[in-house]
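# Structural overview for review
Read off the chains here:
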Amino acid sequence: MSCPATGMAAGLNGPRGCAFLGGMSHQSSSETLYGAPQGPNALQTLMEKERKTLCEVLLPTAPPKEKTKNMANADSLNPPELDVLAIALGAPTRRVLERADRIGEETGWRDGFLSTKHGLCPPDPNAPAAALAHSPGRVWSDICSRMPGLIARGRIREAILELPLIDGSAETIPDKALWAAVVCLGILASIWRYEERNDGHEGIIKARARKEHFYNIHGEPDEEPETVGIPRNVVIPFRQICTRLGRPLPYLSQSDVSLHNYKIRDPTSTFPYLERNENMDLRWPIFNDYGERNFLLCMAEVHGLFTPGLDIIARCQERVMEKDDDGLLVELVKLKQVVDQLLYVFHKISVNPHAGENFSPPASWGQGYAKFSAPLSKRLPALSGLFLPIFQVMDTFLQRTNFTSFLGIESRHLRAWMPLNIRAFLAAIESEFDVVGYIRKGGRGGRRDERLVGVLDAIVESYAGEKGFMGTHRYKVYGFLEIVAKTGRVETNGGAGASDSIGRPWSEVHKTLAASMKERLEPYRGRGPTSTTSHSDPNALSLSLSVQPHEMRGTYEECRFWAKLVKRSSIDDDPHRTTGKVTIDVKNTGLTFIPGDRLAIMPLNCWKDIEKIVGALGLVDLLDVNVPLTGDGAAKWLRYAHHEAEVSKSDPSIAPRVTVRDILRKGKLAPLTKDMVMTVHSFLKISSITLRVLGSEAWPVNGSLGDLLVAALNEVPEEVWDQAFSLNDLSWLPLLIAPEVPRTYSISSFYFNLLPDTLDLTVARSEHVVSPLLLPAGSTERVTRSGVCSGFLNPDPTLDHEPNHHLITGTNYSPDEVPVLVGINRPLNFQLPISTAAPVAMFAGGSGIAPFRGFWQARIGSGVIGRNLLFLGVQSRQKFVYKHELRDYVTSGKLELHVAFSRDTNGLVYDPVCRDLVEKTMEPRYIDALILEQGPTVCDLLISTKLGGLGGSVYICGSVNLYETVMSGIREALYRYRAVTKEGADELLAQAFAERRIMLDVFMTPRVMKEDEPYISLSELSKHTGHREGGKMWIGVHGSVYDVTDFLPIHPGGTLIVAGSAGIDASDTFDEVAHTSNPEVMSLLGKYFIGYLTPKPNFQTTELGDIYDSWVDYMRTCVESLTTLSFEVDTLKRDSKLWFSDGLLSTHAIRKLYQLQSRFLTSTGFPILFGTKLQELYLKLSFSIANSGDESLLPDVMGRITNATSSPSAIAARKEIAELGEFVSNSATAAPAFERGIIAYTRNVCELDVRLLEQIRDEIGEGYDKFMRVAEVMKNYPSKERQALHKIATVLMSYLERIAERVDSFYVDLAAESLYHPEREANPARARWRFLQRRLKDGSFFLLTKEMVPLSLESRTSTPVQMFESKRSKRQSVSFDHVLSQAISSVSKSSSPRSTSRGGHRHNKPSSHANGYRNEPLPPVPPIPASAVYQPQPVRPLRLADAHTARARGPSDSTTFEEQMISKAASRMSQFMNRRMKDIRRLSKSTDLGLSLDHAMAVYGGGGPRGPESVAESDESEGSSPTSGSSIGMSRPGMNHRQMSVDHRYGSGGSSSSGSVPHSRQTSMAGGLESGRTMTTMRRAPSRSDLHSATFSRKLSVYGSNAGSRPGTPNSGAPPVPSKQSHW
Ligand SMILES: Cc1cc2nc3c(=O)[nH]c(=O)nc-3n(C[C@H](O)[C@H](O)[C@H](O)COP(=O)(O)OP(=O)(O)OC[C@H]3O[C@@H](n4cnc5c(N)ncnc54)[C@H](O)[C@@H]3O)c2cc1C
């Protein structure tokens, strides 16, 4: 492989080395850089070298005679003047580059960094910082250098206020310092805003800042939205610097914080390129958090990687200008190699806690950097990756024309804000010599050049495809955002504020990213049928891509090249060629690959199977007939036909067609799935064969459709058969047979030319025995068959595979050249090391050797110096593949080969002295024995260079069993030779994984699923979240449950992502991340299958189904809350770096705990679990109970929750948390004195949080089990569901009561925890003194120093959840009207704009809370909505900046995820009430209820316990007179406004909260269930069915016997409610 820029062979490229030679290149010489000459005459040389004469370009040859023959006037033979001028001036991109090169340095790159040598990176990243350091602006960079420390000590704003005012004009700050100045000042402005919102005090520091601090340069108050509220000593120079950089308004851009904010660790470490994450540091980090670091540096690295890209693009344009097709091909291949590398950067942002420095903790990032990076105002460009110039460059080069998606529109906006040099370059790409258009028109000769088209298509895939840069980014974002969304980030980027049907915003982001990918792909893939394809016009073409990018995964759409299967060869001594080499001709396709890549290939069915179907269905004369694509199943084939037409680039005006032969050859015939057999059965109806097969206990059934039809043929009457399979209308055929899916094979060869001519696969034929169900009854024959694709690629040479001549008559079929659809599939984690000196050890079993042939050919062929070791597990000498080739490498000293034969005593031993394999008789053995034998070498390879090892790369390829054997061998070797303990060995292994020096390509044959596997309930699943040490982790996917505990170490995305789906049905996530359609994932997962998920019972009534859905949904919320809480808690418990920096306590950890607890108690935890969602359940259950005439059984669950959350314990607990906020603000002096107390407090409250969520989950799980048991009984009494409904609602209601009690106990325990334990501290006297000081400050002191800002309605009601004040004692039950009024009030709250509006629609907060719009009038009080019918508000923000601004809100705001969950629950409640309006009216005792819920609100909203009006009134009084309220929270300083408002809202009213449900009441609950029998109203004489019903009731009652008992009471069977905290 050669350098993409220079085209030079390995070792000849520039001083920065080259990223694109994989492991094959050498460090380059310093004479050229990406082929561009250097030195003072570089430009001259370049121009001479690059440019041809005008004559050469425009008139290279004499016009052909045919053209001139009949010409009367030959003027037109001369080129037009404008063409001549364009070529005389040169390619526009080159001109822009040259200009930038010429004046960039001396102007301090004021127009933006853009150069031939350095692409989009600064030529010298130190230069601007050095220039700033030598100017008075040094004060800005100095404070930025102290930034993480100042933030950790809580002193950054003080430091900013102390800055002198430095003039930002050219007299003071030289041009060369501009880029550093803009970064520093932008960071200072943004951190000021961040601190204002997140200091635990929310603005208290204001007291220290005088109003003059905020005057603008004219001495007036600064009211511009970008800068209002930020001190003038930052803002004034910031505006000046920005103006000098051509920025119309002051802003910090994404490029500033990444591309302009790094320093190089080792400037001599240019291999493979300088700007690598691991060779860079952030010059001015904000929090010094790994997430922040990795995100920003990886953005810089992408541009470092793309350095040659601009020059290559300019060259492409020049080649087009010169009409040099071959030259253009060379440049395009180089560009592809550059783009191919981009996606690997994502490795360096990992959510895998074992990924060392690459671990980027999502929660910390979401709460820290993500909030910091809000733009200074909404009209500025958002700090989004979209701002990065590489996207604009690639989009423009690839001619993206569609910008209608959310991100598309944003991209257009952002382009206008790019530095001017970059805008000029973009315009130059667009202006002339358009590369894509040139290729589309057929290049120089006007005839399509397949190579150019193929490479261009591959660049598009590599950039915007599912498995390319954008696809990889999209999946990375999905996993990351899921965790971030649940753990505190308020907003997401794309489509901010929106969510899918179950409230998951990250899924919406996924779709938004997919939409922008589609816009890029459409011009290249837009020929598919539209989704609205009508039957009358089935072949209608559309320019829009009808499928989502992830739907292409695992389908033929991944195969975008036509290739030819040309040869099958033996590679061992096995006469049946069980494993063989298959050669595919890919010449002139434009396809490229690197070692480790795989080929996706569409198989063709074997002729013998086709023959059976043709015979059975009588299709022999119809093979070339076009199948009508109109009936059921046609859409799939239509899509397939379009795809083939597109790959073939056939005339778009000709409608694609599919013949009978196509369907038989390319359709799925085997193995038989249940759906396939059901289809045949539905055709034949009376077939006993299909019935017999349907009774199979394992699926799929081994055998083909041909077997089934042949077996059925003889037993189905002819007329039935003919009617089912009519030969006059074949529209049934597409329904009977669907298109096949491609299989994947590792590429087993390598090439050194520009493009490959052929590639090899190593294919092991899979064989299986045909199911006896398909054989004639009584047959004992054992029929073996080959797998569809492996049998097609590598058939047994001893058997006849020639097609019957009838099948191929009239075709140009040739057994020597079979056309196949193929595509390249690149694993993200299986590439050779970049360093050519790194040793490589390959471990393979069976066909696992396949990718390694590409490895050794590439490495040895390019003369690398690192050692190559191959460890092979082989059955016998006969099956030792590639032995001759291997032996040659061994004897030439280029490969060390170690082989273990598992079934052969004729062993071979590697002799390092004579470098050969020596015969030796030995016991058969497996690969782990071999590893132990070579233990010291293997250990040295695995151990990092830091620890004195060789730091080699280890690759394992083969089945999961092989992987496990190899790993156990390596672990044992490490233990035996290097580590003292097993844990030590594991540690070394974990480190090698984290450094990505162990890479896996592990695959499994899909597992046949047996029907008799156990069933696992959702509640059982929910208990396996693995969040406790040693716990098991299960996930549910499409009806199956998998124990993924052992899979975690090999999950490429790391454990956190899997843990995010632990304990729940993760089918949606699986579909969205395209795992379901990925045979690799699904077959691997098969190994971890442990049972089927109990399906939802088949309820007859919608009510029961509805309650079931809500209960399950609530259970899911509990589990998700628990798993994500555990992520945060784990970080707090385990990450000592979070707590201490250089021995000093850091506010980061305290801030994190404060934010976690604030969210948990005011947002994440309670409103999501105990607010609207719980209320939804409560409403539905209450309705069911009341509807059965038993209103006396309605306990006041919501009131009890309110009592618990407003109890003295709860208030005391929240105050303690408010004290934490004090530390965040004033930690520099205060916190260290209480260090031990804070840490102990953290440990205890975190444990209490986790335990509460576990308890709630268990209560809900128990309720679910009861529900399922009743459902089981009901199976036999389907007509009695209504009766059961009442009983089940009563039982479930009792679990809601238990939950309320758990909450109460939780607060009691939490209140017992205190931060202050002076006796535990290192300096008790100091701690006591500080404590005293704090108490002195307590009360009025703080209130006086605080700048009191009246609360706006917005901040008072930011938590979109209502906690209802109970008017009654908990001993009482409440009326249904009471429940209803609460629900109506909740729905109206949730549908009001303030609670649903996200992104740009959310009102600004007062004072320092929202972009400093302090002087804006407070928003008007929103009217109480006229209807409680849920009306979703438009949620999409107009701009990304809106979303980013919104996400910067304070710590206790609920997250998008939470708000979505709450809002969806409100919506469901509203629908529920609407559907049951008639019954509700009947049930309501109020005569005023009227006909609508509007009316109901008027009645209950004002007069009930707390309706919307009363809430609004109360809010008003809260805002206007904070000290006059009854809130206990206000009586104590240190609580922020929001906490105060929450306290107040929870209220001190209501009944006593300390008591618990009296036993008598509990008994009556249980009795209620028991009395179900008697409560069943019998209005007529008992009939048989009534007797039936009585038996049913009796059966039912058995399951509710202890449901109503109080948790913790004796005999309840439930775990006792803890009254005291337990210790960890
Ligand atoms: C990443 C990767 C790389 C690979 N590289 C290679 C390689 O280099 N060389 C190589 O030989 N193989 C390789 N494979 C395996 C290869 O892709 C095929 O899976 C294998 O050849 C079998 O395919 P087939 O069409 O021949 O068999 P199939 O016809 O698919 O059937 C094989 C067996 O699986 C059963 N089966 C099929 N579908 C299902 C299902 N949905 N559920 C349960 N059972 C099912 C069948 O009943 C049959 O018993 C690789 C696989 C992956 C995922």
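Nothing here was measured: the structure is a model prediction, and the numbers come from that model. (Residues numbered from 1 in each chain as written. Predicted model: local features only at pLDDT ≥ 70, side-chain atom pairs only at ≥ 80, totals over all residues. Heavy atoms only, no water.)

Note that the residue after alanine 670, namely proline 671, is joined by a cis bond; omega there is -10°. Look at the link from tryptophan 699 to proline 700: it is a cis peptide, with omega at -5°. Examined against the element boundaries, proline 700 turns out to sit in the loop between strand E8 (698-699) and helix H30 (705-713). With a phi angle near 60°, lysine 685 is a residue other than glycine that sits in the positive phi range. By the secondary structure assignment, lysine 685 is in the loop between helix H28 (674-684) and helix H29 (688-694). Given a relative accessible area of 58%, lysine 685 falls into the exposed group. Unlike most non-glycine residues, arginine 915 shows phi in positive territory, near 50°. Tracing the chain through its elements places arginine 915 in the loop between strand E17 (906-911) and strand E18 (916-921). Given the relative accessible area of 42%, arginine 915 is considered partly exposed. (Helix = DSSP H or I, 4+ residues; strand = E, 2+ residues; numbered from the N terminus. Buried < 20%, exposed > 50% of the residue type's maximum accessible area, 1.4 Å probe, protein only.)

Moving on to the packing of helix H14 (residues 307-321) against helix H20 (residues 420-431). Interaxial distance between H14 and H20 falls to 11 Å at its minimum, and their mutual angle equals 25°. Between H14 and H20, the angle falls in the class roughly parallel. Helix-helix and strand crossings are classified by hand; for H14 and H20 the assignment is left-handed. Residues Leu310, Ile313 and Gln317 of H14 form the contact with H20, whose participating residues are Phe425, Ala428 and Ile429. Here the contact of H14 with H20 is built from residues that sort into five nonpolar, one polar and no charged. (Axes fitted to C-alpha atoms, helices over the stretch in contact; angles between N-to-C directions. Parallel < 35°, antiparallel > 145°, perpendicular 65-115°, else oblique. Left-handed = near helix turned anticlockwise from the far one by under 90°. Contact = heavy atoms within 4.5 Å. Nonpolar A, V, L, I, M, F, W, Y, C, P; charged D, E, K, R; others polar.)

Let us now look at the pairing of strand E7 (residues 598-601). Judged by which residues are buried, E7 turns out to be covered on both faces: Arg598 and Ala600 on one side and Leu599 and Ile601 on the other are all buried. Across four bridges, E7 lies against strand E9 (residues 743-746) in antiparallel orientation. Note on E9: the bridge partner recorded for alanine 600 is threonine 744. The sheet contact formed by E7 and strand E13 (residues 818-825) spans four bridges and is antiparallel. Across the sheet, residue leucine 599 finds its bridge partner in E13, namely isoleucine 824. (Pairing = 2+ DSSP bridges.)

The relative placement of two aromatic rings is captured by the distance of their centres and the angle of their planes. Overall, the coordinates contain 42 aromatic pairs when judged by the stated rule. Geometrically, the ring pair formed by phenylalanine 1183 and phenylalanine 1472 is edge-to-face, given 5.4 Å between the ring centres and 85° between the ring planes. One end of the pair, phenylalanine 1183, is in helix H49 (residues 1172-1187); the other, phenylalanine 1472, is in helix H60 (residues 1456-1475), with 289 residues separating them in the sequence. One exposure class covers both phenylalanine 1183 and phenylalanine 1472, and it is buried. In textbook terms, an aromatic cluster arises when at least three aromatic residues are bridged by ring pairs, as seen for Tyr194, Phe287, Tyr369 and Phe372. The ring of tyrosine 251 carries arginine 247 above its face, with NZ or CZ at 4.4 Å from the centroid. In this structure, arginine 440 is placed above the aromatic ring of tyrosine 524, and the distance from its NZ or CZ to the ring centre is 5.1 Å. (Phe/Tyr/Trp six-rings, centres within 6.5 Å; stacked < 30°, edge-to-face > 60°. Lys NZ or Arg CZ within 6 Å of the ring centre and 35° of its normal.)

Taken together, 25 residues sit near the ligand, with Asn702, Arg743, Thr744, Tyr745 and Ser790 positioned nearest. One of the backbone nitrogen or oxygen atoms of threonine 744 is found 2.6 Å away from an oxygen atom of the ligand. The contact in question runs from an oxygen atom of the ligand to an N or O atom on the side chain of serine 790, over 2.5 Å. Every element with two or more residues in the shell around the ligand is listed here: E9, strand E10 (758-764) and helix H33 (788-793). Ranked by the residues each element gives to the shell around the ligand, the list is headed by E9, at four residues. Residue classes in the shell around the ligand are distributed as 10 nonpolar, 10 polar and five charged. (Near = heavy atom within 4 Å. Polar contact = N/O pair within 3.5 Å; in protein donor to acceptor, adjacent residues only side chain to side chain.)

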